[in-house]
Structures are given as C-alpha cells and as structure tokens.
Amino acid sequence: MGTALVGSLESGIIFALMALGVYLTFRILDFPDLTVDGSFTTGGALAATMIASGYQPLLATVAAMLLGCLTGSLTGILHTKGKINALLSGILSMIALYSINLRIMGKANVPLLGEETLFTQIAGWSEELFSFGEHFSIVVAMAIIVLIGKWALNWFLDTEIGLAMRATGDNEKMIRSFSANTDHTKILGLSLSNGLVALSGALIAQYQGFADVSMGIGMIIIGLASVIIGEAIFGHSTIRRATLAVIGGAIVYRIIVALSLRVGLDPSDMKLVTALIVMGALISPRLIESWKEKRERAKFLTSAGESTADAVRGDHHVKG
C-alpha cells in the first residue's frame, strides 16, 4: 500500500504539469482545448524517440515541450485566423496529431528499457550526492520542477500580457475595446498550455519506461478532474491559490485512482471512475450550497416563528 501511494504521489506531481496547462486554457482563457489528448502523446513520443536514438534526456524533454507549444499555437491559429469553432479546432488538431505521433515514433510503441532517462539520472545524482532513495529523489526533483512551473505561471499571469490573457477569458469584447489583440493572447495561451502538457507527457514516458500512441487518450478528462477536484477541496480565490489547488487536485486524483485499484477495480474501470469523480466534484459544491441555503432558511423561519409567538404572548399579557 505504501509503495502504491508513493507511486501515486510521483505520477500525480508529473500530471500536475498537464493539469496546469488545462487550467490555463479552461479557466484563464475559457477555451475548451481538446488538443491536450494529442499534445500529451506528442511530448512522450518525441522524448522517447530522441532518447532511444541516443540524444540526452534533458534535450529530448525540452524539444518535446517546444513541439507541444507548436501544436498549441496551430490550434490557436486555426481558431483565430481560420475562424474555426474553438471546440472543433481542438478536435482537428487532436486527430491530426495522432498520425503525426505515429510518424514521429515510426511504430505504435517506443520502449525505453535500459535507456538513460531523466529519472535514472536523478536517481544516480541523488545517490552520489545525498544517498537518497530512488523514489524520494524523484518526488523531490519533480516537486521542484512543478513548483518552478507554478511560480513561472503565476508570474506570467501578473504581467501585462498575462493580465490581457485573463481579461480575454473574462470578457473578450471588453478587452478588444482597449485595442488588445485577443488573437495573439489566445495563440500564446494555447501554446503555453500545450507546452506544459507535452512536458508532462515527456516526463510520463520516461517515468513509465515507454511511449505509446494511445497514451494521451482521456488526458483532457484527467486534467479537468484535477482542476475541479483541486478547486473544490482547496479553493480558487486567487491565481496563486488556484494553481496550487490544481497541483493538489492532480495528486488527490492519482491517490483516488490508486485506492480504486486497491479495492479490486479493474484498470479498465478507471475511465468510469474518472467520470464519476468529475461528476461528484461538479455536483457536490452545488449540493452543499443548496443544503446550506435550506439550513439558513429553516433557521430564519424558526427564529421568525419564535418572534411572532413571543409578540402574540406579549399582546395577550397586555390585554389581560
């Protein structure tokens, strides 16, 4: 059980990068970007192929992130310049990326068994310098990477262009009246988002030891589940709190999946579990709010009834 939880923590931290990318499009830009399912695989495919071809893992990871940025910008161009519906532009990019990913890998699966990856390097460095265990060193290293990504995203969203991006998601017509180019902010936002997603895919491929052409299927749902769970548990009153909540949501989601497997569910049931988690996270805040309103209303009616009864008793006493 302890090993499963550690594994969930490791994968949850890596998936947090993907969740931050989803948060950037769905919450900041208010853009339903389905490119995620394709760009996640793109990151894993390019990183695994380059590592298997003898390239340095860090170079392969950075290249995967840059290619992810390119895929996101193409989706943005389809939407802004091609005037294609936001949902459809993401679907078109996702479909196109399936074939592109197969071209990158040359086959449906690229194994990394015996290859040097970022994780084997991190484990080796930590063993030499600090005598840390492999799992502990991976958790610490990935936590540092994710926190750097969170800090960079927070900093960017507080810059002038970041504020314009936030305004684009809130009220596009209003920000256009101030002569802001919303097309550029959308393209940039989608590029950054899919860059984070591809980076997560590259790290996941190295973590699990292979890249598969279908590894990105359902990633958009996992990202949304992480965002929704994090916001429901930790709140989202500020950007800094929201990005931290997204990271926490990704970790909580992976722990829930691990516990679901421990109680006897099959791996094939995980998509159903994910859907139920998202539905529960969406419905529960409304149910809690409705319950609170009913409770407050009942208290008000009770106090009003008691006040009326006291007034009636006082009136009878005066008459008597």
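Fair warning: this is a prediction, and the values are worked out from it, not measured in the lab.

A word on the packing of aromatic side chains
Overall, the coordinates contain 2 aromatic pairs when judged by the stated rule. Ring centres 6.0 Å apart and planes at 10 degrees place the aromatic pair F15 and F40 in the stacked group. Here F15, found in helix α1 (residues 2-28), pairs with F40, found in helix α2 (residues 36-52); they are 25 residues apart in sequence, far enough to count as distant. Since its relative accessible area comes to 1%, F40 is described here as buried. Measuring from centroid to centroid gives 5.7 Å for F119 and Y207, while their planes differ by 70 degrees, and the two rings are edge-to-face. With a gap of 88 residues between them, F119 in helix α5 (residues 118-129) and Y207 in helix α9 (residues 182-208) connect regions that are remote in the sequence. With a relative accessible area of 5%, F119 lands in the buried category.

Let's talk about helix α4 (residues 86-105)
With 20 residues, α4 extends 28 Å from end C-alpha to end C-alpha; this agrees with the ideal 28 Å at 1.5 Å per step. Maximal helix bending in α4 amounts to about 25 degrees, located at L97. Within the span of α4, buried status applies to A86, S89, G90, S93, L97, N101 and M105. Where α4 is buried, its residues meet α2, α3 (57-80), β1 (109-111) and β2 (210-212). The N-cap residue of α4 is N85: its side-chain oxygen and the backbone nitrogen of L87 are 2.8 Å apart. Once α4 finishes, G106 follows within two positions and takes phi at roughly 80 degrees, a positive value.

Some words on the pattern of salt bridges
Counting across every chain of the model gives 7 salt bridges. Taking the shortest distance from any N to any O, the salt bridge between D183 and K81 comes out at 3.6 Å. With a gap of 102 residues between them, D183 in helix α9 and K81 in the loop between α3 and α4 connect regions that are remote in the sequence. D183 sits in the buried class, given a relative accessible area of 14%.

Focus: the side chain of S260
Looking at where S260 falls in the secondary structure, it is placed in helix α11 (residues 239-262). Those residues within four positions of S260 in sequence are excluded, and the remaining contacts are L265, M270 and V273.

Quick word on a nonpolar patch on the surface
On the surface, a cluster of nonpolar side chains totalling about 570 Å² of accessible area is made up of L272, L276, M279, L282, I283 and L287. Turning to its location among the elements, L276 is positioned in helix α12 (residues 270-319). Exposure remark for L276: the relative accessible area of 48% places this residue in the partly exposed category.

Structural notes on unusual backbone geometry
A positive phi angle is found at D30, which is not glycine, with a value near 55 degrees. With respect to the element layout, D30 can be found in the loop between α1 and α2.

With respect to the environment of T243
Topologically, T243 is positioned in helix α11. Here T243 falls in the buried class, since its relative accessible area comes to 0%. Between the C-alpha atom of T243 and that of Y23, which follows or precedes it by 220 residues, the distance is 7.9 Å. The contacts of T243, once residues within four sequence positions are left out, are L20, Y23, K150, L153 and N154. Within the structure, the side chain of T243 is placed 3.2 Å from the side chain of K150, a separation counted as a polar contact.

Conventions we followed
- Residues numbered from 1 in each chain as written.
- Predicted model: local features only at pLDDT ≥ 70, side-chain atom pairs only at ≥ 80, totals over all residues.
- Heavy atoms only, no water.
- Phe/Tyr/Trp six-rings, centres within 6.5 Å; stacked < 30°, edge-to-face > 60°.
- Helix = DSSP H or I, 4+ residues; strand = E, 2+ residues; numbered from the N terminus.
- Buried < 20%, exposed > 50% of the residue type's maximum accessible area, 1.4 Å probe, protein only.
- Expected span 1.5 Å × (residues − 1).
- Bend = angle between axes of the 7 residues up to and from the residue.
- Contact = heavy atoms within 4.5 Å.
- Polar contact = N/O pair within 3.5 Å; in protein donor to acceptor, adjacent residues only side chain to side chain.
- Salt bridge = Lys/Arg side-chain N within 4 Å of Asp/Glu carboxyl O.
- Patch = residues over 30% accessible without salt bridge, like charges linked within 9 Å, V, L, I, M, F, W, Y side chains within 5 Å.
- Areas by Shrake-Rupley, 256 points an atom, 1.4 Å probe, with all protein chains shown as cover.

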